[in-house]
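Descriptive structure summary
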Amino acid sequence: MTDQSNDPNQMTGAAMIVRALIDHGVQHIFGYPGGAVLPIYDEIFQQSEVEHILVRHEQGAGHAAEGYARSTGKPGVVLVTSGPGATNMVTPLTDALMDSIPLVCITGQVPTHLIGNDAFQECDTVGITRPCTKHNWLVRDVNDLAKVLHEAFYVASSGRPGPVVVDVPKDVQFAVGTYHPPRKDDVHVSYTPRVKGDATQIRKAVALLASAKRPVIYSGGGVINSGPEASKLLRELVEVTGFPITSTLMGLGAYPASGKNWLGMLGMHGTYEANMTMHGCDVMLCVGARFDDRITGRTDAFSPGSKKIHIDIDPSSINKNIRVDVPIIGDVGNVLGDLLQVFKAEAKKPDIKTWWQEIATWRARNSLAYKKSNDVILPQYAIQKLFEATRGHDTYITTEVGQHQMWAAQFFGFEEPHRWMTSGGLGTMGYGLPAALGVQVAHPDSLVIDIAGDASVQMTMQEMSTAVQFELPIKIFILNNQYMGMVRQWQQLLHGNRLSHSYSEALPDFVKLADAFGCVGIQAIKPSDLDGALKEMIKVKRPVLFDCRVAALENCFPMIPSGKAHNEMLLPVEATDEATAAAFAGGKALV
Amino acid sequence: MNQPANQPASAYFLEERHDPNETHTLSVLVQNEPGVLARVIGLFSGRGYNIDSLTVSETENQKHLSRITIVTTGTPMVIEQIKHQLDRMIPVYRVVDMTITGRSIERELAMVKVSGRGDSRVEALRLADAFRARVIDATTESFVFEITGNSSKISQFIDLMRPLGLVEVSRTGVAAIGRGPEGM
Ligand SMILES: Cc1ncc(C[n+]2csc(CCOP(=O)(O)OP(=O)(O)O)c2C)c(N)n1
Ligand SMILES: [Mg+2]
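Residues numbered from 1 in each chain as written. Chains lettered and ligands numbered in written order. Predicted model: local features only at pLDDT ≥ 70, side-chain atom pairs only at ≥ 80, totals over all residues. Heavy atoms only, no water.

Per an unreviewed UniProt entry, chain B carries the name Acetolactate synthase small subunit and comes from Bradyrhizobium lablabi. For chain B, the Function (unreviewed entry) comment in UniProt is given as "Catalyzes the conversion of 2 pyruvate molecules into acetolactate in the first common step of the biosynthetic pathway of the branched-amino acids such as leucine, isoleucine, and valine." The record in UniProt for chain B states the following under Subunit (unreviewed entry): "Dimer of large and small chains." (UniProt positions renumbered as here; feature names shortened; annotations may be inferred.)

Looking up chain A in an unreviewed UniProt entry gives the name Acetolactate synthase, with the organism given as Bradyrhizobium lablabi. In its Sequence similarities (unreviewed entry) section, the UniProt entry covering chain A states "Belongs to the TPP enzyme family." UniProt annotates chain A under Catalytic activity (unreviewed entry) with the comment "2 pyruvate + H(+) = (2S)-2-acetolactate + CO2".

Here we take up the overall build of chain A. What chain A contains, in helices and strands, is 23 helices and 20 strands. Each principal axis of the C-alpha atoms in chain A carries an extent, and together these give about 80 × 60 × 45 Å. Buried positions account for 61% of the 591 residues belonging to chain A. Excluding contacts between residues fewer than 6 apart, the proportion of contacts in chain A whose partners are at least 24 apart in sequence is 76%. Counting every atom, chain A has about 22100 Å² of accessible surface; 52% of that belongs to carbon and sulfur. (Helix = DSSP H or I, 4+ residues; strand = E, 2+ residues; numbered from the N terminus. Buried < 20%, exposed > 50% of the residue type's maximum accessible area, 1.4 Å probe, protein only. Contact = heavy atoms within 4.5 Å. Areas by Shrake-Rupley, 256 points an atom, 1.4 Å probe, with all protein chains shown as cover.)

Before going further, it helps to spend a moment on the packing of aromatic side chains. Enumeration according to the criterion identifies 16 aromatic pairs over all chains in this entry. Ring plane angle 85° and centroid distance 5.8 Å describe the contact between Tyr370(A) and Phe411(A), whose orientation is recorded as edge-to-face. Of this pair, Tyr370(A) sits in the loop between α15 (353-363) and α16 (379-390) while Phe411(A) sits in helix α17 (residues 403-411), placing them 41 residues apart in sequence. Note on accessibility: Tyr370(A) and Phe411(A) belong to one class, buried. On the basis of an interplanar angle of 35° and a centroid distance of 5.5 Å, the ring pair of Phe143(B) and Phe145(B) is categorised as tilted. By relative accessible area, Phe145(B) is classed as buried at 0%. Here a set of aromatic residues connected by ring pairs shows up, and it is made of Phe387(A), Phe412(A), Phe414(A) and Trp420(A). (Phe/Tyr/Trp six-rings, centres within 6.5 Å; stacked < 30°, edge-to-face > 60°.)

What follows is about the domain arrangement of chain B. Residue and element names in this part refer to chain B. According to the domain assignment, chain B consists of domain 1 (22-102) and domain 2 (105-178). A straight line from the C-alpha centre of domain 1 to that of domain 2 covers 28 Å. Taken together, the contacts link 8 residues of domain 1 with 8 residues of domain 2. Around 540 Å² of area is buried between domain 1 and domain 2 when both sides are counted, 53% of it from carbon and sulfur atoms. The interface formed by domain 1 and domain 2 includes 0 salt bridges. Taken together, the links from domain 1 to domain 2 amount to 4 residue pairs in polar contact (both at pLDDT 80 or more). Elements supplying a minimum of two residues to the side of domain 1 that touches domain 2: β1 (22-31), β2 (53-60) and β3 (65-74). The element contributing the most residues to the side of domain 1 that touches domain 2 is β3, with 3 residues. Grouping the constituent residues of the side of domain 1 that touches domain 2 by class yields 2 nonpolar, 5 polar and 1 charged. (Domains from an automatic or database assignment. Buried area = accessible area lost by both parts, 1.4 Å probe. Salt bridge = Lys/Arg side-chain N within 4 Å of Asp/Glu carboxyl O. Polar contact = N/O pair within 3.5 Å; in protein donor to acceptor, adjacent residues only side chain to side chain. Nonpolar A, V, L, I, M, F, W, Y, C, P; charged D, E, K, R; others polar.)

Turning to the side chain of Ser219(A), a few remarks are in order. Residue and element names in this part refer to chain A. Tracing the backbone shows Ser219 in strand β9 (residues 215-219). Its relative accessible area of 1% is what places Ser219 among the buried residues. Contact partners of Ser219, with chain neighbours within four places excluded, come to Leu234, Ile245, Thr246, Ser247, Thr248, Val287 and Ala289.

All names here are of chain A. For the magnesium ion (ligand 2), every protein donor is listed as Asp454 (OD), Asn481 (OD1) and Tyr483 (O), and the spread of their distances is 2.1 to 2.2 Å. Binding-site remark: the magnesium ion (ligand 2) is held by donors from one chain whose sequence spacing is D-x26-N-x1-Y. One end of the pair, Asp454, is in the loop between β17 (447-453) and α19 (464-469); the other, Tyr483, is in the loop between β18 (475-480) and α20 (485-494), and 29 residues separate them in sequence. When its relative accessible area of 1% is taken as the criterion, Asp454 is described as buried. (Donors = N, O, S within 2.8 Å, 3.2 Å for Na, K, Ca; no water.)

Take the pattern of salt bridges next. Enumeration according to the criterion identifies 26 salt bridges over all chains in this entry. Taking the shortest distance from any N to any O, the salt bridge between Glu108(B) and Arg171(B) comes out at 2.9 Å. Of this pair, Glu108(B) sits in strand β5 (residues 104-115) while Arg171(B) sits in strand β8 (residues 166-171), placing them 63 residues apart in sequence. In this structure Glu108(B) comes out as buried when scored by relative accessible area, which is 5%. For Arg171(B), a relative accessible area of 36% translates into the label partly exposed. Note that Glu146(B) and Arg134(B) form a salt bridge whose closest N and O atoms lie 3.0 Å from each other. Of the two residues, Glu146(B) sits in strand β7 (residues 142-149) while Arg134(B) sits in strand β6 (residues 134-139), which places them 12 residues apart along the sequence. Residues participating in the shared-partner salt-bridge network are Arg160(A), Asp314(A) and Arg88(B).

Within this structure's numbering, the places UniProt gives as "domain: Thiamine pyrophosphate enzyme TPP-binding" (unreviewed entry) are residues 401-548 of chain A. Helix makes up 36% of residues 401-548 of chain A and strand 17%. Its end C-alpha atoms lie 16 Å apart.

Residue and element names in this part refer to chain A. A cis geometry characterises the amide bond from Phe557 onward to Pro558, with omega recorded as -5°. In this fold, Pro558 is placed in the loop between β20 (544-549) and α23 (577-584). Phi at Asn497 is positive, roughly 60°, even though this residue is not glycine. Examined against the element boundaries, Asn497 turns out to sit in the loop between α20 and α21 (510-517). With a relative accessible area of 46%, Asn497 lands in the partly exposed category.

A word on the nonpolar core. Nonpolar side chains in soluble globular proteins tend to end up buried together. All names here are of chain A. Counting residues in each nonpolar core, the largest one holds 100 residues, and the members touching the most others are Phe477, Met537 and Phe546. Among the elements that make up this core, the one with the highest residue count is helix α14 (residues 332-346) (7 residues). The two domains that each donate at least three residues to this core are domain 2 (199-363) and domain 3 (379-549). With residues up to four places along the chain from it excluded, the contact list for Phe477 reads Ala382, Leu386, Ile449, Asp450, Ile451, Ala452, Leu530, Leu534, Met537, Phe546 and Cys548. Counting 41 residues, the second largest nonpolar core, distinct from the first, contains Cys105, Val439, Val441 and Met461. (Core = buried A, V, L, I, M, F, W, Y, C linked by side-chain atoms within 4.5 Å.)

Turning our attention to helix α11 (residues 228-241) of chain A. All names here are of chain A. Taking 1.5 Å of rise per residue, 14 residues should cover 20 Å, and α11 covers 20 Å from first to last C-alpha, within 8% of that figure. Taken together, the buried positions of α11 are occupied by Ala230, Ser231, Leu233, Leu234, Leu237, Val238 and Thr241. Each buried residue of α11 lies within a common arc of 160° when the element is viewed along its axis, so the set occupies one face. Residues of α11 that are exposed and point over 90 degrees away from its buried face: Pro228 and Lys232. Looking at the buried side of α11, the elements it contacts are β9, α10 (221-226), β10 (245-247), β12 (283-287) and α14. Count one or two residues on from α11 and you reach Gly242, which has phi positive near 75°. (Expected span 1.5 Å × (residues − 1). Arc of directions from axis to C-beta.)

Another point: the site of ligand 1. All names here are of chain A. As a matter of local geometry, ligand 1 sits amid 17 residues, with Gln403, His404, Gly427, Ser456 and Gly485 nearest to it. Gln403 is positioned with one of its backbone polar atoms (N or O) 2.8 Å from an oxygen atom of ligand 1. Within the backbone of Gly427, one N or O atom sits 2.8 Å away from a nitrogen atom of ligand 1. For ligand 1, whose accessible area on its own is 580 Å², the fraction buried by protein is 76%. Breaking the shell around ligand 1 down by element, the ones donating at least two residues are α17 and α20. (Near = heavy atom within 4 Å.)

Now the structure itself:
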């Protein structure tokens, strides 16, 4: 018998959890205590290597961890209690699954002998979270805990990243067992994500690229997930080929908005030039994107004349919505490295001058134009001003969901990856404020701004209290149009202007609310207020609620109308009431 | 299904593709651990895939491996999706499409209870003999037949028993294995 008291690897399950966090280099976790996790909180209390950020609602912890992960590339860690703590995590877990964000969520569970008894604060956490995690585990034996925790970190951050849940019953937290540091054999042998692309497929892709007359590169969130090296390689590829490049909402920043080959974002509210280029291209290189329905519009009219190359780490992304000609399964960075090498050795830059000329005519349509005003702040103008004011700062942007999110994507220029945190796949209102918290925790000296809507921001407003407690000087820049603008826009365009429940009635006074939270409230009403107010917002080193009153009825254009393809966008100048009515009348449903 | 009255305005593209459906048999080798079957079934219900038949049992007990055989129906694109979606699950080792390899044997077992007297009883026995079904239980007024074969043979046998006093049927679902010396 070994002397257990002297073996440093003998410890309680609760201690193992903290130990595993330390072994995985975790410096911050986001959480909320409760009966089923008290032993873990007790361990957290007795150490100083892992800092715990106490949120005000578990959903906030989840989104904060997402922001943390997205801005660092490291997994975000969440600790919540059983029952309601776990169910409150369902939204952020689903959000992270849709946007491929690595999260490790540890949930407390009732003691093993009570599982299935409808015990106090019991819920079937692994059952509930099975469809919203990449994988999950219920740990019934303390001696399995170390292995499961290590595997959880590996699964969350390898392959296509995603959220995982480790459900730990309270008796397992109290029980003493043997811990081991991370090892190779902690992971299922059946889990082998493919990193390196197939050489033959890469050659085929290069041949296609080299023969292209009207090429386009369409990149997505996978480039960001693959790490900064992937963005570098993407930029090099654009340089070497001279191809135009567009990106999904999730991929903004991989290629700089100031780059000369940049077409702007594509999709439903993408630029005219990006969508027309996609529609008319003869070769499309899709890098780490997934042909989502917000991107393709009608699938039967999507880029009808092109050969498509698709690089993705997840084989299930291939041929899901759109049939592609050359699939390459592998990590974006790895595949781009190989592809560049082959291209440089065997191909030369195709001459696509006439293609660029055609693109220039689309660009000239100026699809992001809007009417300026001296009396009211146009939301687009507010974002442009915000962008100008933050130049030269080390800035991170998060958003909520709605028109403001689309305007942020259209008008804020992202130069680097990992700077843009938004809920793309799930479209979760309430994401941006807590996500900003998480970003600020990871980057304490940076300028972190949530571009918010008046409705969305009320969904997770309580986290301002967290910001104050932990001295996280996040800036909540609310484009306050007093409407659920995006809902109102659809009702206007698609439902006969019957504005059913989309008016933000009884809005709180955000400046007073800021005061109540103990943070700073700022308001801008006229365009001439903006410069000074933005300067003040950036200067003050405390959390800010910025109530930016914008034109109430502004709509977000350009837009792909109902049942239309990429080449049938509605542009802002053309979006007169009659034209809009005609474009949407009897439409075959797309928006 | 769900045909809108007059092409409503919607946030989604509502037209479905209408490629012809195919039926495929998939063999899935998985780690036998708690919840693994729930994951597989949840995938099918969550993503709206069809399950025509599903069988599962542990096949290698030291390695804790189970083999799941799924018969599913869908368009070629959906079938491809199903295979990829299964394959990316953490406890899944391999997914083999037995229908594509074209070199597989499929079998199902059924127990078929028939009750009756006189001529129909004799006729049931005669047909059972022709189908190589075995009698595994008998009373003076009933038989339980055990029959193995591919699913269509079993269905045919059941149809023949219907007018002869069919009481109930219990079928195992399809198990499949490849021909030749190699494993999956
Ligand atoms: C949690 C959640 N509920 C509902 C929706 C549907 N939805 C999408 S945008 C939107 C309105 C957002 O309003 P606001 O935050 O004021 O942004 P705006 O569009 O006005 O810029 C709603 C209700 C959603 N995306 N998320
Ligand atoms: Mg609003």
